[in-house]
Amino acid sequence: MIRSVITGTGSALPARRVSNAEMAEMVDTTDEWIVERTGIRFRHIAGPEETTATLARDAATVALVSAGVDAQDIDLIVLATATPDQTFPSSATKVQAMLGIDDCVAFDVAAVCSGFLYAVQVADSMLRAGAHRRALVIGAETFSRILDWEDRTTCVLFGDGAGAIVLEAQESEEADGRGILASRLHADGRHNDLLYVDGGPSTTGTVGKLRMKGREVFRHAVVNLAAVMEESLVIAGLTADHVDWVVPHQANARILDATARKLGLPAEKVVMTVDQHANTSAASVPLALDAAVRDGRIQPGQIVVLEAMGGGFTWGAAVVRF
């Protein structure tokens, strides 16, 4: 049996960290209002020389060191982003060039906040098929470039960043071996108008700005995330009692709490980093995962569930044994 095993993690955040107090100087808001409704205290904003691809490169470099793998050993790069450097070519190919990889398959995946989960399943499938040996899976965003900085309901929620993992195809004879045990993805395009960007090359010819109906998104998120986590656990032959950690999309602390309660999971099993970097879309799951690996919370042999939901709607979950 071939399984995709996570052998290294990495993350990168822009140097500029912006507090809620600084946001209150820009728009009509307060630190108390933001923290009470979202749990967010800080976000990082990319500087003029930083792009989605440069952040992705930095996160990938850390992940490669963590895995003990040379960049030339990577033969697949899947980069999840809704904010690519260019309409084309893909930001993944820019990362490939910056890492000095002579030749590998490299492409972007667009599923907004669920993008990292989509990218994980795509890479996992390609590794299991035997077409590739080692993959870089990256979530990277510069959401600050598509925010309406006059809309206080959205601009306080998002930030920039990148996270990455190294996936390696390994033979396993053991049913309880390491690796990705199960994953499940969904999409429902009927909800486009609840979370979207009001521009694009084929419609307005502009980049556009992010628009969101937060209350409706919150309601769908709690229901969909709890359901897809249960689905993925069933596929893996496990129950919520087997879960050591949930690493969720870091959108809103209240969503994370409500989802955990719906599954009957204690809050202390949920990795929460949204207070430090806000919603970084496709980057938020790998950012949180890297934090929990590096501080020692996630240990070898533990069962970890990754989950996310984003615009589209798209949502998904993956069950991993570390």
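This one's a predicted model, so the numbers in the text were calculated from it and none came from an experiment. (Residues numbered from 1 in each chain as written. Predicted model: local features only at pLDDT ≥ 70, side-chain atom pairs only at ≥ 80, totals over all residues. Heavy atoms only, no water.)

Here 4 strands make up an open sheet; going across it, the order is β8-β13-β12-β11 and the pairing mixed. On the outer flanks of this sheet lie β8 (179–187) and β11 (245–248), each paired with one strand and no other. Taken over all neighbouring pairs, the strand axes of this sheet differ in orientation by 15 degrees on average, direction set aside. Pairing of β11 with strand β12 (residues 303–310), which is carried by 4 bridges, proceeds in the parallel orientation. For Val 246, the partnering residue across the bridge sits in β12 and is Val 305. Together, β8, β12 and β13 (314–321) form the strand contacts of helix α5 (residues 115–128), whose direction differs from that of β8 by roughly 130 degrees. (Pairing = 2+ DSSP bridges. Helix = DSSP H or I, 4+ residues; strand = E, 2+ residues; numbered from the N terminus. Axes fitted to C-alpha atoms, helices over the stretch in contact; angles between N-to-C directions. Contact = heavy atoms within 4.5 Å.)

Okay, the side chain of Asp 160 next. Mapped onto the secondary structure, Asp 160 falls in strand β7 (residues 160–171). Nearest to the buried, unbridged Asp 160 among oppositely charged side chains is Arg 145, at 5.3 Å. Here Ser 144 takes part through its side chain, which lies 2.6 Å from a polar atom of the side chain of Asp 160. Excluding its chain neighbours within four sequence positions, the residues that come into contact with Asp 160 are Leu 13, Pro 14, His 44, Ile 45, Ala 46, Leu 55, Glu 141, Thr 142, Phe 143, Ser 144 and Thr 280. (Buried < 20%, exposed > 50% of the residue type's maximum accessible area, 1.4 Å probe, protein only. Lys, Arg positive; Asp, Glu negative; His and termini not counted. Salt bridge = Lys/Arg side-chain N within 4 Å of Asp/Glu carboxyl O. Polar contact = N/O pair within 3.5 Å; in protein donor to acceptor, adjacent residues only side chain to side chain.)

Moving on, we come to the packing of aromatic side chains. If you walk through the whole model with that rule in mind, you get 1 aromatic pair. Stacked on the ring of Phe 42, the Lys or Arg Arg 17 has its end atom at 3.7 Å from the ring centre. (Phe/Tyr/Trp six-rings, centres within 6.5 Å; stacked < 30°, edge-to-face > 60°. Lys NZ or Arg CZ within 6 Å of the ring centre and 35° of its normal.)

Where helix α3 (residues 52–67) contacts helix α4 (residues 91–98), the two axes come as close as 9 Å, and the packing angle between them is 50 degrees. Classified by the angle their axes make, α3 and α4 are oblique. Of the two elements, α3 crosses α4, and the hand of that crossing is right-handed. Along its contact with α3, which presents Ala 53, Thr 54, Ala 56 and Arg 57, the element α4 presents Ser 91, Lys 94, Val 95 and Met 98. (Parallel < 35°, antiparallel > 145°, perpendicular 65-115°, else oblique. Left-handed = near helix turned anticlockwise from the far one by under 90°.)

A few words on the sheet that holds β7. Spatially, the 5 strands line up as an open sheet ordered β1-β7-β6-β4-β5, and their pairing is mixed. Across the chains shown, the open sheet's two edge strands, defined by having one partner strand only, are β1 (2–12) and β5 (105–109). When strand polarity is set aside, the average angle formed by the axes of neighbouring strands in this sheet is 20 degrees. Here strand β4 (residues 76–80) runs beside β5; their pairing, made up of 5 bridges, is parallel. The partner of Leu 79 across the bridge, within β5, is Asp 108. Contacts between α5 and the sheet are confined to β1, β4, β5, β6 (134–142) and β7, with β6 contributing the most and set at about 165 degrees to the helix. The sheet contacts of helix α10 (residues 284–294) involve β1, β6 and β7, and relative to β1 the element is tilted by about 90 degrees.

Summarising the element assignment, Asp 73 is placed in the loop between α3 and β4. Owing to a relative accessible area of 37%, Asp 73 belongs among the partly exposed residues under this scheme. For the pair Asp 73 and Arg 190, spaced 117 residues apart in sequence, the C-alpha separation works out to 41 Å.

Further remarks concern the nonpolar core. Core analysis: the biggest nonpolar cluster contains 45 residues, and Val 156, Met 229, Val 305, Phe 313 and Val 319 have the highest contact counts within it. Elements represented by at least two residues in this core include exactly α7 (214–236), α8 (253–263), β12 and β13. (Core = buried A, V, L, I, M, F, W, Y, C linked by side-chain atoms within 4.5 Å.)

Let's shift gears to the packing of α7 against α8. At a minimum axis separation of 9 Å, α7 and α8 run at an interaxial angle of 45 degrees. Between α7 and α8, the interaxial angle falls into the category oblique. The crossing of α7 and α8 is right-handed. Here Phe 218, Ala 221, Val 222, Val 223, Leu 225, Ala 226, Met 229 and Glu 230 of α7 lie close against α8, whose contacting residues are Arg 254, Ile 255, Ala 258, Thr 259, Lys 262 and Leu 263. Partitioning the contact of α7 with α8 into residue classes produces 10 nonpolar, 1 polar and 3 charged. (Nonpolar A, V, L, I, M, F, W, Y, C, P; charged D, E, K, R; others polar.)

Two side chains carrying opposite charge are able to pair once their charged atoms lie near each other. Under the defined criterion, the tally for this structure stands at 13 salt bridges. Arg 297 is paired through a salt bridge with Asp 295; the nearest N and O atoms lie 2.7 Å apart. By relative accessible area, which is 28% here, Arg 297 ends up partly exposed. Exposure remark for Asp 295: the relative accessible area of 46% places this residue in the partly exposed category. Several salt bridges converge on common partners, so that one network encompasses Arg 133, Arg 134 and Glu 168.

None of this, on its own, says anything about what the molecule does.
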